[in-house]
Each structure stands twice: as structure tokens, then as C-alpha cells.
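Structural description and commentary
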Amino acid sequence: MPAVTVSDITTLARIPEPAPDTAERDVRSVTDAPSGYEGEGFPVRRAFAGVPMTELDPFIHMDQMGEVEYAPGEPKGTAWHPHRGFETVTYIIDGTFEHADSHGGGGTITDGDTQWMTAGGGILHIEKPTEALVASGGLFHGLQLWVNLPRALKTAQPRYQDLRAGQAALLSTPDGGSLVRVIAGEVAGHPGPGSTYTPMAMVHATVSPGAELRLPWRPDFNALVYVLSGAGSVGPRVGGERRPVHTGQLAVFGPGDVITVAGADHQESRYPALEVVVLGGTPINEPVAWGGPFVMNTKAEVLQAFEDFQAGRFGQIPAEHVPHGDLGTV
């Protein structure tokens, strides 16, 4: 799992130890992500399945894509499709993915890169493996997160952010037992490169066997920890219940200032450490009307989004991506 690694973790800035009187967050729930398929048939885990929307706000949906070892010819992506009313965040840990959209955004991302697309008032886009990956096969692993937009920004101008792996803020714990990559928001005063409309943070952490990560977290943010791979525990060091977690589980935390995650002493041979994504944001606290690729506030707005899409108001597929004989609108 390359994402972003360092040869000498001791050279990184350190996350300070929380003060003794800091309020640690208790664990409200641990749920299992069911498996399914997305797009043209790539395997996913539905990370948020079974969790009330009130616990997730401002997040809507998250898929763990893979981890899968493709044979030549097997890698799959999505067809061109629309979005409105939220942002998609695609984070690639292993493998490569290409993005293109109707507003000119796009590019190729690989180990540790992130594509941050604001659908806003409406966009068409496609995500697919590169031709090289399709031809050769290989390891593919990543995440796609949907971040809601408040009512006032649901019709914002679409935009695209290409966040390279080297832009992430890299931190470690005082003992060097955890590597923390800040993609958006900030940890201990160290900001990630992602620019967000909704106040939030997104962090990928590798916790070594037997190590503990105590992550300072804004008290006005909710807190979610999703286990990409490995085994460990979540919850306070003292004064609360520690819960075991493993690959494909989501932990929802209660209020407080610190999130605690610990790696199990012994990991499976294929997972040398505990890998987690930590998410949090300021709840939007608005009604959510969700219809397929559209996330709005009312059912009428969702129906309008379908009408606008069918009328071709989301733009055109860029000419270089139009199949021969197609006019380029969907």
C-alpha cells in the first residue's frame, strides 16, 4: 500500500501529545461495510451502509474501491454520468485512475493522489483505469467520498482540484509509530492541500503494530474512522470502552477533542499495519433529498436535476472523449 511513504519517519513534524485533561471521544458504533459493485463492475465496500445520515453529516456516501488484483483486461471504471449538489473526492492508494469532466477538469491520479471535483450546479464526468492498467492488470485500491454542499452552494460553479501525493502534509506521532497524511483540513496546525466548501478534514493514517495514534480533532467536527486494512482498536485509552476493528469497518465517535486508534500487536501477513481514513466535518443540518447521482434539499430539486440532465444542461462531453458518431451530449 504505497500511497505516500517516507524513508525516515523521524524527520517529520510530530503531532503533540494531548494535554492530560483533554476530552477523548467515545465510540458510538462500529459497523461492517457490505460488498457490492459500482460502475462497469468494479468491486466496492459501502463504507457508510447502515449508519444514520445524522451521524455522517456533512458526508453522504463512501466506497472503498478494491483492494483488488486485476488480471490483464479486467480493470473497470464508470461510463459518463452526471452529478449535482455535492463534491466527489477520489483518493487512489494503489493503481491509476483517469478523470475527465464536462467543465474541462481531469487528469490521471496514482499512488496517494486525489481528485476533488465540485459538481455544484451540474457536471458530467467519467472515471476509468488507464489503458496501461487495463492491458497489464495489477493492484487497484482507492476511495471515493461524497461531501454534501449546503443549500447556498448546491448550484456553485463546478471546479476540479488535482491534488498530488507530495502535497499532503506528512506528520508522525511522538514515538514514530504512526504516519499521518493530511489531505484536507488540518491536524495540529498542519493543513492539507484540499480546498473545501464545507469545513472538514480528511486524513489517511498508517498505525504500526502495537502503536497508538491520538489525533487532535476539532470539537465542532463529527468523527469517523474507516479501516482500509488491518486490525486494531478504537476508543479512549482510559475512561471509556475500546472497540476492536478490522478491515471494512466504520467507527463513529461521539463528542470530544481527541480520536484514539491503536494497531493490533499482530497483523495478517498481507497487512503489515493498520490503515485507516479519518473523516470529520461541521454538520450542515439541512434536509437531504437524494436521487441517484443528485443530492439536493427537496424532492422537487432532484426531479429538476433529472430534467436538466435529460435536457442537456450539464454541458457536453469534451470532443476528445466523444465516441465516433456521437454528438457529445448525454
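A quick note: this is a predicted structure, and the numbers were derived from the prediction, not measured.

**Section: the packing of aromatic side chains**
- Tallied over the full model, the rule gives seven aromatic pairs.
- Arranged with centres 5.9 Å apart and planes meeting at 70°, the rings of Phe294 and Phe314 form a pair that is edge-to-face. Of this pair, Phe294 sits in strand β27 (residues 294-296) while Phe314 sits in the segment after α3 (299-310), placing them 20 residues apart in sequence. Here the two residues Phe294 and Phe314 agree in accessibility, since each one is buried.
- What links up through ring pairs into an aromatic cluster is the set Phe294, Phe306, Phe309 and Phe314.
- When the ring centre of Tyr197 is taken as origin, the NZ or CZ atom of Arg159, which lies over that ring, is 4.2 Å away.

**Details of the pairing of strand β8 (residues 97-101)**
- The element β8 is largely enclosed, with a buried count of four among its five residues.
- Here four bridges tie β8 to strand β9 (residues 106-109), and the two strands are oriented antiparallel to one another. Across the sheet, the residue bridging to Glu98 is Thr108, located in β9.
- Here β8 folds back onto β9 in antiparallel fashion, the turn holding four residues, of which Gly104 has a positive phi close to 90°.
- The sheet contact formed by β8 and strand β11 (residues 123-128) spans four bridges and is antiparallel. Paired with Glu98 across the bridge in β11 is Lys128.

**Details of the sheet that holds β8**
- Taken in spatial order, the four strands line up as β6-β11-β8-β9 in an open sheet, and their pairing is antiparallel. The two strands at the open ends of the sheet, each matched to only one other strand, are β6 (81-83) and β9. Ignoring which end each strand starts from, the neighbouring axes of this sheet average 25° apart.

**Overview of the side chain of Gln115**
- In this structure, Gln115 sits in strand β10 (residues 114-118).
- Taking the relative accessible area as the measure of exposure, Gln115 reaches 2% and is therefore buried.
- In this structure the side chain of Gln115 is engaged in a polar contact, spanning 3.0 Å, whose partner is the backbone oxygen of Gly107.
- Once residues within four sequence positions are removed from consideration, Gln115 is found in contact with Thr88, Val89, Thr90, Phe97, Glu98, His99, Gly107, Thr108, Ile109, Glu127, Tyr160 and Gln161.

**Focus on the pairing of strand β12 (residues 138-148)**
- A large share of β12 lies buried, amounting to ten of its eleven residues.
- Bridge count between strand β5 (residues 59-70) and β12: ten bridges; the pairing is antiparallel. Following the sheet pairing, Asp63 is matched in β12 by Gln144.
- Strand direction decides the pairing type here: strand β7 (residues 86-94) and β12, joined by eight bridges, are antiparallel. Following the sheet pairing, Thr90 is matched in β12 by Gln144.

**Details of the pattern of salt bridges**
- On inspection of all chains with the given rule, the structure shows twelve salt bridges.
- Of the charged contacts in the structure, one is a salt bridge between Arg84 and Asp308, with a shortest N-O distance of 3.0 Å. Of the two residues, Arg84 is situated in the loop between β6 and β7 and Asp308 in helix α3; the sequence distance between them amounts to 224 residues. Neither residue differs from the other here; Arg84 and Asp308 are each classed as buried.
- Three or more residues are tied together by salt bridges with common partners; here these are Glu17, Glu24 and Arg214.

**Digging into the nonpolar core**
- Grouped together as the largest cluster of nonpolar side chains are 28 residues, with contacts concentrated most on Trp217, Val225 and Ile259.
- Put simply, the parts of the chain that give this core at least two residues each are β14 (169-172), β15 (178-184), β18 (200-207), β19 (212-216), β20 (223-229), β23 (249-253), β24 (258-263) and β25 (274-281).
- Setting aside its immediate chain neighbours within four residues, Trp217 contacts Arg25, Val187, Ala201, Val203, Asn222, Ala223, Gly256, Asp257, Ile259, Val278, Leu279 and Gly280.

**Some details on the sheet that holds strand β21 (residues 231-234)**
- Here four strands make up an open sheet; going across it, the order is β19-β24-β21-β22 and the pairing antiparallel. Each edge of the open sheet is held by one strand with a lone partner, namely β19 and β22 (243-246). Across the sheet, the mean angle separating the axes of adjacent strands is 25° when strand polarity is ignored.
- Note: β21 against β22, four bridges, orientation antiparallel. Residue pairing in the sheet places Ser233 in a bridge with Pro244 of β22.

**Re unusual backbone geometry**
- Looking along the chain, the bond that leaves Asp57 and enters Pro58 is cis, with omega of 20°.
- Among the structural elements, Pro58 can be located in the loop between α1 (53-56) and β5.
- Geometrically, the link from Gly66 to Glu67 is a cis peptide bond, its omega value of 15° lying close to zero.
- Mapped onto the elements, Glu67 comes out in strand β5.
- The phi dihedral of Ala188 is positive, around 50°, even though this residue is not glycine.
- Here Ala188 is to be found in the loop between β16 (186-187) and β17 (190-191).
- The backbone of Asn285 sits at a positive phi, close to 60°, despite the residue not being glycine.
- Examined against the element boundaries, Asn285 turns out to sit in the loop between β25 and β26 (289-291).
- Residue classification places Asn285 among the exposed residues on the basis of a relative accessible area of 65%.

Rules used throughout
- Residues numbered from 1 in each chain as written.
- Predicted model: local features only at pLDDT ≥ 70, side-chain atom pairs only at ≥ 80, totals over all residues.
- Heavy atoms only, no water.
- Phe/Tyr/Trp six-rings, centres within 6.5 Å; stacked < 30°, edge-to-face > 60°.
- Helix = DSSP H or I, 4+ residues; strand = E, 2+ residues; numbered from the N terminus.
- Buried < 20%, exposed > 50% of the residue type's maximum accessible area, 1.4 Å probe, protein only.
- Lys NZ or Arg CZ within 6 Å of the ring centre and 35° of its normal.
- Pairing = 2+ DSSP bridges.
- Axes fitted to C-alpha atoms, helices over the stretch in contact; angles between N-to-C directions.
- Polar contact = N/O pair within 3.5 Å; in protein donor to acceptor, adjacent residues only side chain to side chain.
- Contact = heavy atoms within 4.5 Å.
- Salt bridge = Lys/Arg side-chain N within 4 Å of Asp/Glu carboxyl O.
- Core = buried A, V, L, I, M, F, W, Y, C linked by side-chain atoms within 4.5 Å.

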